[in-house]
Amino acid sequence: MRDVPWPVLASRRFADQDRAARLLRDPALGLEAAHQPGGEVPVAAASIVADLTTSADPDLALISLLRLAEIAPDHADLLDALRTDSGLRRRLTAVLGGSSALGEFVITQAPAWPRLRSESFDAVIPDVARLARDLIGAVDGAAEPPELALRTAYRYALLLLAARDLTGGIDVVPVAAHLADLAAATLQAALSIAEGRLPDTAPRCRLAIIAMGKCGGRELNYVSDVDVVFVAEPVDGEPIEPALRTATDLASATMRICADAAWPVDANLRPEGRNGALVRTLDSYEGYYRRWARTWEFQALLKARPVAGDARLGAHVVDRLAPLIWTAAERDGFVADIRAMRRRVESALPPGTADRELKLGPGGLRDVEFAVQLLQLVHGRSDESLRSGATLAALAALADGGYVGRDDAATLAAAYRFLRQAEHRLQLEHLRRTHLLPVDEAGLRRLARSMGMQPDAKHDVVGVFRAEHGRHKREVRRLHEKLFYRPLLDAAAKVPAESLSLAPDAARARLTALGFADPSGALHHIAALTGGVSRRAAIQRTLLPMLLGRFADAPDPDSGLRAYRTVSEALSDTPWYLRMLRDDGLVADRLVRLLGSSRFVADLLARVPESLRMLGNDTELTPRSATDITASMVAAAERHPEARDAIGVIRGIRRHELLRVACADLLDALTIDAVGTALTAVAEASIAAALSVAMRELPDPPAMRLAVIGMGRLGGEESGYGSDADVLYVYEPRSGAEEGAAGQQAAAVVDRLQRELVAPSPDPPVELDAGLRPEGRNGPLVRSLASYAAYYQRWSATWESQALLRARPIAGDAELGERFVAGVDPVRYPDAGLSAAEITEIRRIKARVDNERLPRGADRTMHTKLGRGGLADVEWTVQLLQLRHAAAGPDLRTARTVDALRAAAAHGLLARDDAAALEGAWQLAMRTRNAITLVRGRPGDQIPPHGKELTAIVRVLGYPPDRDPGQFVDDYLRATRRARRVVDAEFYR
């Protein structure tokens, strides 16, 4: 450093610059620069001042250094060392500015500062054995009382550690570990002192000191109670009671010596707390934990570690008690107890302190520790790698094992280090136990500087600290709530420890007990998912023990697990998939329910597994309107110039939308009317978007306009999962265009439309059925508007009038579609109603349909479409009423069955009870028909009489698992019998 003006140097970071300049001129410091002409500062003096100004509190460091220089017996050596030993300067000024308590120790203990000289400062941090030897040696060789000698030796060890810490020579984790080792050595030294004071006649005993809490986890603070429990045994079969008396005397004396020399020893984590015996035998401890211990006591045992006394006994204690820790999670209410305890800690905070609490408040150290410990206790039963008493080591193991996301673990670890370092720096200042941030700017500035923070472009050093602290606090709280309240923890805790193993024998036994019909096949799927050492396999090993129990609650566990494997393999390279299942219990629950209930959903998910993300957001499960879906399809199709590619994209979006509707339906989010509307919207959008693609190759403008008319369930907005799309195609030549050219264009477009929508593809086809057109399958596929008008005026049959009741424009030219339906209104809503002959004709056609279309061998009472009281019975009855009376009642002019039923009841055409009976049967039959398709993965109308498939259908319909499927059969037969009585009375009268 070159010479710089003294006033500039003196002003650097001192709060009181005038006082600093005055003190720096004090002859005791030997900084003669104040007396030199020109005020230039020598390099050595500048270096001393520079190191002072980099400490946490430069003013405190300067005052303390001056006091030390004034009273140091080796004053000349001190000044010379300050000029020449840069390591000493950094360490000494860092301690003096970072801890007033240790600064006072350095000032009052003459041999203290030389220990910070580079030549004597040990680069190797001593281990616990060396620390214990040093402390005991200091006590044995001292002329002063042992407690005072131990206190001095402890402060020397603390000074050396603080010097490393405050100069950045050691990370916060080894600092905490060394503090725990120092505590262990102090306990051993105190016990040695206590043993030396025993009378020769005292009964012999073996005493082990077991550290708990932060000392046990090797993550101790600078100032903290040291939590321990004392375990004793007699020697060589001697009586227990005399040995326990001696052990209790030793334990009490050890606690007093430690309190005088270093810190209080807290033995209240022992059984029964402060009311329990200070010392117990190992058998007594084990008996207590087996019979009486509460949840928090097992959480405390997680960090148990022998630290002093009889090492062999201490190791035996930990080995005996460890199995109890790793079965505690199976206790009733275990997870809820730990969560409640964390909430009690927060609620007990004094008013106004939560934001300043580094330890106990929201976003504090306890949030990290409780989350990590709960995950350890639940998952550590089967994974021994998680059985660490140190928070960060356990967090790293949780990340390695896939129990916590890597990014989440890194964020928590960084926040934990920040909070622990802040806590350490606060405690170092006065060597007082505190976890509260200062309220004053000066205190926060001192803390921030002690942590090495610097101002940035936006903030001074206090602002930088506040921003960092706020960020870490928010992240800790977010991740605490994500991990600590993870729903899968409850499920995992309820799985017996022996069932957490996915080894073949254990897994096969559990699969059989859970009700898997093919345990060997299930084992094959499990092996495929969990084999290997990948992170993906590790997470599956975490998830599957819980998911298997949930699959067992599904109607078809075997199919559900098989589908789960298919989806998992399809998403094997997708990072969010397993993370979402692990972290979001709602998604896992929903996925298991869907895959175990519905082949339809499983097949769709296998083709579009990325759609799984919608399960985490109820908004994503809301069906979209036909307009929105059409816009998405058209926009996506426009990015593909080839028609086949464009149609493929449309069908892919259709698949996604079908999955959205099916998932919402199975998760009880939709009524049957909403399902029909949603499925109709998907079909409409698919046809509309595909039509826009099919018309691309026409000249601009084309020779004709084309509209698609929805018929049947499509027209009535009552589509089911297995419904065909009944349509009519109508065109009209544009002004000046030739009829023939227009007709050819229309036929070509319709042909292309139908061909592409049913072409082989991984996506389900759109089955377009134009069989309801004039002359049926013998007539032309597409007609002009004039041709339709002429046909219906001259040749229309009664059944065609009935079919037209559901005619509704769904795609293409909207204005043309509206003119078509307006043109057929007189046909479907005849002013004079129906003649007796026409009514007879309708009854005759229905009878023929019932007889000819019912599959051979079908049970007429259990067929949802053509069975007694089924869909056809209700719909033909309603449509007959419409044909007879719709001309007089506008609200009867609806394509929807339920709306027409209610209108008929309102007009007195049906008794309200009769209308309700028809509506109930129709809705139940529609729901059942949809459930059959969802369960089987293919359309069906026949209700199975019994077996697994019937059970699955009944569960999809919302019947509870413990309800006999026969209850549904009874309900269905009862509803359809009532409907059939109304049909017999109304349709055939």
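Here the structure is shown first, and the text comes after it.
J.: For the overall build of the protein, give the residues involved together with the corresponding values.
T.: When its secondary structure is counted, the protein shows 43 helices and ten strands. Relative to the globule expectation of 30 Å for 989 residues, the C-alpha radius of gyration of the protein, 41 Å, shows a markedly less compact shape. Across the protein, every contact between residues at least 6 apart in sequence was considered, and the portion connecting residues at least 24 apart equals 73%. Of the roughly 40900 Å² of accessible surface on the protein, a fraction of 50% belongs to carbon and sulfur atoms. Between the averaged position of the 127 positive side-chain charges in the protein and that of its 131 negative side-chain charges there is a distance of 2 Å.

J.: Please provide a residue-by-residue account of the nonpolar core, values included.
T.: Tyr564, Tyr577, Leu615 and Phe968 are the most contacted members of the largest nonpolar core, which has 150 residues in total. When residues of this core are assigned to their parent elements, the largest contribution, 14 residues, is made by helix H32 (residues 672–694). In contact with tyrosine 564, other than residues within four places in its own chain, are Leu529, Gln540, Leu543, Leu544, Leu547, Phe551, Tyr577, Leu578, Leu581, Leu591 and Leu595. If you look at the next biggest cluster of nonpolar residues, it comprises 96 residues, including Leu88, Cys258, Leu278 and Val279.

J.: Which residues make up the environment of alanine 177, and what values do they have?
T.: Tracing the backbone through its elements, the reader meets alanine 177 in helix H10 (residues 172–196). Look at alanine 177 and you get buried, because its relative accessible area is 11%. Alanine 177 sits 38 residues away from cysteine 215 along the chain, and the two C-alpha atoms are 8.2 Å apart.

J.: Quick rundown of the packing of aromatic side chains? Include the residues and the values.
T.: Tallied over the entire structure, the rule returns 14 aromatic pairs. Look at phenylalanine 370 and phenylalanine 484: their rings are 6.2 Å apart centre to centre, the planes differ by 75°, and that puts the pair in the edge-to-face class. With phenylalanine 370 in helix H17 (residues 365–379) and phenylalanine 484 in helix H21 (residues 461–484), this residue pair connects regions lying 114 residues apart in the sequence. Taking the ring centre of tyrosine 156 as reference, the NZ or CZ of arginine 115 above it sits at 3.6 Å. In this arrangement the basic side chain of arginine 342 is found over the ring face of phenylalanine 370, its NZ or CZ atom lying 6.0 Å from the centre.

J.: Now, about the environment of valine 124: what can you tell me, with residues and values included?
T.: Structurally, the position occupied by valine 124 is in the loop between helix H7 (100–108) and helix H8 (128–140). Sequence spacing of valine 124 and glutamate 70 is 54 residues, and the spatial spacing of their C-alpha atoms is 32 Å. Setting aside residues up to four positions removed in sequence, valine 124 forms contacts with Arg130 and Arg164.

J.: A description of empty space enclosed by the protein should follow, citing residues and the corresponding values.
T.: Applying the stated criterion across every chain, the model contains four cavities of 30 Å³ or more. Lining the largest cavity are Ala56, Gly97, Gly98, Ser99, Leu166, Arg425, Leu426, Glu429, Arg446, Leu447 and Ser450. Grouping the constituent residues of the lining of the largest cavity by class yields four nonpolar, four polar and three charged.

J.: Requested: an account of the side chain of glutamate 147, with residues and values cited.
T.: In this structure, glutamate 147 sits in helix H9 (residues 146–166). Judged by its relative accessible area of 18%, glutamate 147 is buried. Not counting residues within four places of it along the chain, the set of residues in contact with glutamate 147 comprises Arg197, Ile257, Asp260 and Ala261.

J.: I'd like a rundown of the layout of surface pockets, residues and numbers included.
T.: Of the volumes computed, that of the largest pocket is approximately 1200 Å³. Asp726, Leu772, Arg853, Lys865 and Trp876 are, among the 37 residues lining the largest pocket, the residues nearest its centre. Element by element, the count of residues in the lining of the largest pocket is highest for helix H38 (residues 836–853), at seven residues. Residue composition of the lining of the largest pocket, by class: eleven nonpolar, eleven polar and 15 charged.

J.: So what's going on with the pairing of strand E7 (residues 725–733)? Residues and values would help.
T.: Most of E7 is tucked away, with eight of its nine residues classed as buried. Relative to E7, strand E6 (residues 704–710) is paired through seven bridges, and the arrangement is antiparallel. Paired with valine 708 across the bridge in E7 is tyrosine 729. Following the backbone out of E7, through helix H34 (residues 739–757) and into the adjacent parallel strand E8 (residues 768–769), one traces a crossover that is right-handed.

J.: So, the packing of helix H40 (residues 897–906) against helix H41 (residues 912–936): which residues are in play, and what are the values?
T.: Where H40 meets H41, the closest approach of the two axes is 9 Å, and the angle between their N-to-C directions is 170°. Taken together, the axes of H40 and H41 lie roughly antiparallel to each other. Packed against H40, whose contacting residues are Thr897, Val898, Leu901, Arg902, Ala905 and Ala906, the element H41 presents Arg912, Ala915, Leu918, Glu919, Trp922 and Gln923 at the interface. Split by residue class, the contact of H40 with H41 holds seven nonpolar, two polar and three charged.

J.: Which residues make up the pattern of salt bridges, and what are the values?
T.: Once the charged atoms of two side chains with opposite charge are near each other, the side chains can pair. On inspection of all chains with the given rule, the structure shows 69 salt bridges. When the shortest N-O distance is used, the salt bridge between aspartate 171 and arginine 417 registers 2.4 Å. One end of the pair, aspartate 171, is in the loop between H9 and H10; the other, arginine 417, is in helix H19 (residues 406–430), and 246 residues separate them in sequence. For aspartate 171, a relative accessible area of 36% translates into the label partly exposed. Here arginine 417 falls in the partly exposed class, since its relative accessible area comes to 34%. Arginine 848 serves as the salt-bridge partner of glutamate 852, at 3.8 Å between the closest nitrogen and oxygen. Residue glutamate 852 and its partner arginine 848 are located together in helix H38, separated by four residues, close to a single helical turn.

J.: Describe H10, with residues and values.
T.: Residues that lie three or four places apart on an α-helix share one face, since the helix turns once every 3.6 residues. With 25 residues, H10 should reach 36 Å at 1.5 Å per residue; the first-to-last C-alpha distance of 36 Å fits that figure. Of all 25 residues in H10, 19 are buried, a share of seventy percent or more.

J.: Which residues make up unusual backbone geometry, and what values go with them?
T.: Following aspartate 700, the chain continues into proline 701 via a peptide bond in cis, with omega recorded as 0°. For proline 701, the position within the fold is in the loop between H32 and E6. We note that glutamate 775 has phi near 70°; this positive angle belongs to a residue other than glycine. Take glutamate 775: it is sitting in the loop between E8 and strand E9 (782–784). Overall, the relative accessible area of 43% leaves glutamate 775 in the partly exposed class.

J.: Go over the environment of alanine 415 with me, naming the residues and quoting the values.
T.: The topology assignment puts alanine 415 in helix H19. Given the relative accessible area of 0%, alanine 415 is considered buried. C-alpha separation for the pair alanine 415 and threonine 622, spaced 207 residues apart in sequence, amounts to 38 Å. Not counting the four nearest positions on each side in its chain, alanine 415 is found in contact with His472 and Val476.

J.: Describe the pairing of E6, with residues and values.
T.: Of all seven residues making up E6, seven are buried, and the element is well covered by its neighbours. Residues Met704, Leu706, Val708 and Gly710 of E6 are buried on one face, and the alternating residues Arg705, Ala707 and Ile709, pointing to the opposite face, are buried as well.

J.: So, the packing of helix H24 (residues 519–530) against helix H25 (residues 535–552): which residues are in play, and what are the values?
T.: Where H24 contacts H25, the axes come no closer than 8 Å and their chain directions differ by 150°. For the pair H24 and H25, contact is made by Ile526, Leu529 and Thr530 and by Ala537, Gln540, Arg541, Leu544 and Leu548, respectively. Among the residues forming the contact of H24 with H25, the class breakdown is five nonpolar, two polar and one charged.

Reading the values: rules and limits
Residues numbered from 1 in each chain as written. Predicted model: local features only at pLDDT ≥ 70, side-chain atom pairs only at ≥ 80, totals over all residues. Heavy atoms only, no water. Helix = DSSP H or I, 4+ residues; strand = E, 2+ residues; numbered from the N terminus. Rg over C-alpha atoms; globule rule 2.2 N^0.38 Å. Contact = heavy atoms within 4.5 Å. Areas by Shrake-Rupley, 256 points an atom, 1.4 Å probe, with all protein chains shown as cover. Lys, Arg positive; Asp, Glu negative; His and termini not counted. Charge placed at Lys NZ, Arg CZ, Asp CG, Glu CD. Core = buried A, V, L, I, M, F, W, Y, C linked by side-chain atoms within 4.5 Å. Buried < 20%, exposed > 50% of the residue type's maximum accessible area, 1.4 Å probe, protein only. Phe/Tyr/Trp six-rings, centres within 6.5 Å; stacked < 30°, edge-to-face > 60°. Lys NZ or Arg CZ within 6 Å of the ring centre and 35° of its normal. 1 Å grid on protein atoms, 1.4 Å probe; cavity = no way out; pocket = protein on both sides within 12 Å on 5 of 7 lines; lining within 4 Å. Points joined across faces, edges and corners; volume = space filled by probe spheres on them. Nonpolar A, V, L, I, M, F, W, Y, C, P; charged D, E, K, R; others polar. Pairing = 2+ DSSP bridges. Right-handed = clockwise from strand over helix to strand, strands pointing away. Axes fitted to C-alpha atoms, helices over the stretch in contact; angles between N-to-C directions. Parallel < 35°, antiparallel > 145°, perpendicular 65-115°, else oblique. Salt bridge = Lys/Arg side-chain N within 4 Å of Asp/Glu carboxyl O. Expected span 1.5 Å × (residues − 1).

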